[in-house]
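Here is how the chains run, residue by residue.
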Amino acid sequence: MDSKTSNLRDIKKMRLERHWSQEQLADMSGLSIRTIQRIENGENASLESLKALASVFEINISDIDKKEALAQIRKEEKYVQTVKGFYKLLALAILNLGIFLFIAISESDSEGWWLFLYMLIAWIFFLGIYAFGNVEFFGKDWEKKLIEKKFKKK
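Described in the following lines is the structure provided in the data block.

The rules behind the values
- Residues numbered from 1 in each chain as written.
- Predicted model: local features only at pLDDT ≥ 70, side-chain atom pairs only at ≥ 80, totals over all residues.
- Heavy atoms only, no water.
- Helix = DSSP H or I, 4+ residues; strand = E, 2+ residues; numbered from the N terminus.
- Buried < 20%, exposed > 50% of the residue type's maximum accessible area, 1.4 Å probe, protein only.
- Polar contact = N/O pair within 3.5 Å; in protein donor to acceptor, adjacent residues only side chain to side chain.
- Salt bridge = Lys/Arg side-chain N within 4 Å of Asp/Glu carboxyl O.

Further remarks concern the environment of Ser-106. Among the secondary structure elements, Ser-106 is positioned in helix α6 (residues 61-106). The partly exposed category is assigned to Ser-106, whose relative accessible area is 49%. Reaching out from Ser-106, the side chain makes a polar contact with the backbone oxygen of Phe-102 at a distance of 2.7 Å.

See below:
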């Protein structure tokens, strides 16, 4: 699938926002209903079809590319910030645990070791909560496979 095809997923959204049927869009664009259906399903579209749809929606084909590229950049930036946040938290945990380990080794009684153990458990808990809230363990691919398996879709 080429980049223009993947950008056409917005065509259905734009059509529905205007409360148009596929037949109405086909009439306005001069394309067949079947072509509209194929494009909305993510299949390849010719440049002429793209131009016809862009004309109907009063947009440039390059505008579709820019919107998708901007959305992708935002998604990537958010992911990078999430990973950076996790690494910062991990570094803080290691520093904190290093201090408590030093205290536990320095003291001869078991109180320092218990304190270290409590801090270790707390940091594992905090890092686990952060990871659980920010890492997508079950993505779209997993959901799709589960549905296909359950309902025997191919």
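Here the focus is the pattern of salt bridges. Evaluated as defined, the whole model comprises one salt bridge. For Glu-40, the salt bridge identified is with Arg-15, shortest N-O distance 2.6 Å. Placement of the pair is Glu-40 in helix α4 (residues 33-40) and Arg-15 in helix α2 (residues 9-17), with a sequence separation of 25 residues. A single burial state applies to Glu-40 and to Arg-15, both of which are buried.

Let us now look at unusual backbone geometry. The residue His-19 is not glycine, and still its phi comes out positive at about 60 degrees. For His-19, the location among the structural elements is in the loop between α2 and α3 (22-29). Among the residues examined, His-19 registers a relative accessible area of 69% and is labelled exposed.

Spatial relationships are all this shows, so hold off on functional conclusions.
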